[in-house]
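Fold and contact review
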Amino acid sequence: MELLMAIVIGVLFTAAVYLILSRSLLRIIFGTGLLSHGAHLLLLTMGGLGGTSPPVLAEGITDYADPLPQALILTAIVISFGVTSFILVLAYKTYSKHQTDNMDLMRGNDEHD
Amino acid sequence: MEFVLLIFFPVLAAIFVPILFRKLKSIHTGWFVLIIPITLFIYYTGFIQTTMNGGHAISSLEWIPSLDISFVSYIDGLSLLFSLLITGIGALVVLYSIFYLDKTREKLNNFYVYLLMFMTAMLGIVQSDNIITLYLFWELTSISSFLLIGYWYTRDGSRFGALKSMLITVFGGLMMLGGFVLLGIMGDTYSIRELIANASNLVGQEFFILALVLVLLGAFTKSAQFPFYIWLPDAMEAPTPVSAYLHSATMVKAGLYLVARFTPVFAVSEVWIWLVTGIGLLTLFWGAFFAVKQTDLKAILAFSTVSQLGLIMSLLGASAISYHVDAGTALFKFAGFAAVFHLINHAVFKGSLFMVAGIVDHETGTRDIRKLGGLMGVMPISFTVAFIGSMSMAGLPPFGGFLSKELFLTSTLALKDFNLFNFSTWGIIFPIVAWIASVFTFIYSFYFVFKTFAGKRKKESLSVEPKEAPVGMLIAPVILAVLVVVIFFIPNVVGDTLVNPAVVAMQAGLYSHPSEVLVHVSAWHGWTPELLMTLGIIGLGSILFLTMRKWQPLYNLQPELLSLNGLYDSLMMAGEKGMNRLSRLYMTGVFRTYLIYMFVSIVVITLATLFIKDAFKVDFNSFAPLNAYGILTAVLLILSVVMILTAKTRITAVIALGGVGYSVAFFFVIYKAPDLALTQLVIETITVVLFLLAFHRLPELKRHGESKGFRLGNFIVAAGVGITMALVALSAHSQKLIPSISQFYKDTVYSEAGGGNIVNVILVDYRGFDTLFEIAVLSIAGIGVYSMIRLKLPGKGSTDESK
């Protein structure tokens, strides 16, 4: 199962980076979304995918899933939501100001340096 | 009283300067400032009695005790001499500046604040026993010098000169810090006194010579020695009181102080004696030779200062020889005495000459010697002062400079008889160079005073009618000129009170009491070789001076590009252009370029660590078995990803992104993480809604003409990151170098926190603060989103700020 997860993580990161490197602002936002999914699954896989029951105390059960990565991921999901919404608004403002979402056109002017 | 605090007195007093300048416009701010150096001068004279008896005084203030750094004011003969010079000349310069700088037109608040800052820094240098604080004050003088040179900052020349002096002296200062740290490590102390006491253990250590050279670099840059002297002529852009004070009487002598102070530590080294004496003599000659070329009054004085500093430097080098010969019999004891004595003489006569140059500039509107002449009649007092100063500089009786010049010649003559370190072979060079340099000194001294004051008036070249300066402006130079004459008649009084104690401090261990120095100075000491040399100087000097018009143009044969200044300029240009080109090479301004740097670095660093450290291991046995739901979810997720990549419309991409999110949620279910799955479902839903909300304000999905090559490049980088992450995931899963703390949570969750859902308890209890901060981050993001929406940017779309 870990091998499969490693492949999934690899695909997510590849797609995320590929999108982030493109010229369109919108595709960059999609890229950041995929990147956080990749990171979450990476955390989960690092901790180990074993464990027969969820990490909730119950009578007669000793083999819990690792709770630590889950706690970390839970925090990360919420934060990534905050980041995504902020980037979205940022993109909206940038677009309404410059009337373009082409990153190559949004570089600084030489006169500024 | 803790007199270490007095070091800070000027800079603390500087706080009131701007207030006085604003509130009391009718009184020149300088009058208030004048009180400070006078008070300090009077206070420091109280120490003369102590140092004359060979004693010293210490006062200290803790600063960073854990690093062995504290402000220690150690006053012995040498420190006291410098402290008196700093405050004494300082007082005269402030007095002079009151009449030189107009109180309505000049920014006096800036001027006096910088000047007082400098005073503190300089007192700090000469009194610090701790080399780290010494370094601190050393750089502070560079900074205040920078500010004062750039005082008239609207002039290009001022800014250029300020930067040049800063770059050169701060470079030297940094080198010196390196030397200090080495000394501190070798001697296991930052105290100069302890280093001197330990000197014999330092010799022969691995970095002894390196430390020596580094410390000398600091001294040479500050004291404008060859080839670093080039900053000093450009520093003449400063107001004349500053030139008189910093760039002739005090700051440039900090390097001499440093050499004198460290003589007991380094004197045993042959390198020290050769370097200090050799560079000193070369500078003496070089400065004197090029002083004659100059046409600006202050430039002549600047080169003459360079030359005189070289003279004193060479004497300090020669005085170190005292450590190699029997002090009682050799002539080298003269060198140390002569160095200190000439230092006093130079401060006095050069101070007066600078002030006269300032007066001439002030009253005639020019400092160009070619436009001046015949001022003797209109400015008799200034002429007298200039005459006395110049004759002292030329080394003629009955002025103080004569005495120290004779002592200098004695010392160089003694060098050729010194039998160590090849001096018996090469030593003869020293008196010869010294003699030639003295001839040129004689010429430029005459050139300075007579071309300005004698000869015919050149009325047509002056924009204003020259007149004698106001009385107040003349007080300070006249006092100095009187001192020049007085010193000639009472050299031994000066010797006993100031020079001998300083020599004892400089040659620690050789004398136990100042009275043992036993140098008796007399104006007439028979037909000695020194006197004959002086007569030769006067003879040849006069002839050359009278024929100067014929040979002075020869200087123009030297092309500007080949000079040291040309070298400095081209270095600066090359540095600026080169750096600019270099940074333009990688700073493209395109977002993607920077991201590629980051991603490539991540890949390279991670992969290199994985394989070089042999950290990549996969343990297939620990893998959980495949299950059908997992495979299905993975396929679903990858399909969604492909959909995003190939999507032509926004809506497809958003739905596909939702698909990825829900697949991740399924994974959470499969891997027994119910809390995650719930959160993920909720968040994913909200995200999709958010995207849909924002969409009608966002553009269509466009590729903006990305070429095949562009996409391939992106794909290679992306695949690199993807593969790296997959490998990291496998490797991290397969080996646990340290035991996980998860077990602790599992064991204690009920007993410690009284909860059953371990993930929840970790979040709200064990890591409660993390969650608190997470909430804070979310709120900040919320505020950001809100204010971004409300933000009104001017000129929607059409305007471009840069146009």
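Anything mentioned here points back to the structure above.
Presented here is a report on the structure given in the accompanying data block. What you are looking at is a predicted structure, and each value in this text was computed from that prediction instead of being measured.

Moving on, we get to the packing of helix 13 (residues 240-249) of chain B against helix 17 (residues 333-364) of chain B. Residue and element names in this part refer to chain B. As a packed pair, helix 13 and helix 17 sit with axes 9 Å apart at the nearest point and diverge in direction by 155°. Put simply, helix 13 runs roughly antiparallel to helix 17. Helix 13 and helix 17 meet at a crossing whose hand is right-handed. Counting all contacts with helix 13, which are made through T240, S243, A244, S248 and A249, the residues of helix 17 involved are H346, A347, K350, G351, F354 and G358. Tallied by class, the residues present in the contact of helix 13 with helix 17 amount to four nonpolar, six polar and one charged.

The next point concerns the pairing of strand 1 (residues 57-64) of chain B. Residue and element names in this part refer to chain B. Where strand 1 lies against strand 2 (residues 69-75), seven bridges are found, and the strand directions are antiparallel. Residue pairing for strand 2: E62 is matched across the bridge by S70. With antiparallel pairing between neighbouring strands as the criterion, strand 1 and strand 2 make up a hairpin whose turn holds four residues, including D68 at a positive phi of roughly 65°.

The set of residues buried in helix 33 (residues 758-766) of chain B consists of I758, V759, V761, I762 and L763 of chain B. Residues of helix 33 of chain B that are buried sit in contact with helix 3 (67-98) of chain A together with helix 30 (674-695), helix 32 (742-753) and helix 34 (768-790) of chain B. Measuring from the backbone nitrogen of V759 of chain B back to the side-chain oxygen at the start of helix 33 of chain B gives 3.3 Å, which picks out N757 of chain B as the cap.

It is worth spelling out the side chain of T100 of chain A at this point. All names here are of chain A. By secondary structure assignment, the location of T100 is in the segment after helix 3. A polar contact of 3.0 Å, which involves the side chain of T100, links it to the backbone nitrogen of N102. Beyond its immediate sequence surroundings of up to four residues, T100 is in contact with Y95, L105 and M106.

Residue and element names in this part refer to chain B. Within the structure shown, the criterion is met by 12 salt bridges over all chains. As a salt-bridge pair, R193 and D129 come within 3.1 Å of each other at their nearest N and O atoms. One end of the pair, R193, is in helix 9 (residues 192-197); the other, D129, is in the loop between helix 6 (108-127) and helix 7 (131-149), with 64 residues separating them in the sequence. By relative accessible area, R193 is classed as partly exposed at 32%. Across the salt bridge formed by R159 and D156, the nearest N and O atoms sit 2.7 Å from each other. Linking R159 with D156, this pair stays in helix 8 (residues 156-187), spanning three residues, or about one helical turn. Exposure remark for D156: the relative accessible area of 57% places this residue in the exposed category.

What counts, and at which threshold
- Each chain has its residues counted from 1, following the order in which its sequence is written.
- To read the labels, note that chains go from A and ligands from 1, taken in the order they are written.
- Owing to the predicted nature of the model, reporting of local features is limited to residues with pLDDT of at least 70; listing and counting of side-chain atom pairs is limited to 80 or more, with chain, interface and lining totals taken over all residues.
- For the side-chain quantities, the full set of heavy atoms in the structure was used; hydrogens and water were omitted.
- Helix axes use the C-alpha atoms of the stretch in contact, all axes being lines fitted to C-alpha atoms, and the angles between their N-to-C directions lie in the range 0 to 180 degrees.
- Only DSSP runs of H or I with at least four residues qualify as helices, and only runs of E with at least two residues qualify as strands; both kinds are numbered from the N terminus onward.
- Orientation is classified from the angle alone, with under 35 degrees giving roughly parallel, over 145 giving roughly antiparallel, 65 to 115 giving roughly perpendicular, and any other angle giving oblique.
- Left-handed describes a crossing whose near helix is turned anticlockwise from the far helix by less than a right angle; the clockwise case is right-handed.
- Any pair of residues with heavy atoms lying within 4.5 Å of one another is described as a contacting pair.
- When residue character is reported, Ala, Val, Leu, Ile, Met, Phe, Trp, Tyr, Cys and Pro are called nonpolar, Asp, Glu, Lys and Arg charged, and the others, Gly included, polar.
- Pairing between two strands is assigned when DSSP locates at least 2 bridges connecting them.
- Burial status follows relative accessibility: with a 1.4 Å probe on protein chains alone, a residue under 20% of its type maximum counts as buried, one over 50% as exposed, and anything between as partly exposed.
- Two N or O atoms form a polar contact when they lie within 3.5 Å of each other; inside protein one atom must be a possible hydrogen donor and the other a possible acceptor, and for residues adjacent in sequence the pair counts only when both atoms belong to side chains.
- What counts as a salt bridge is simple: a side-chain nitrogen of Lys or Arg found within 4 Å of a carboxyl oxygen of Asp or Glu.

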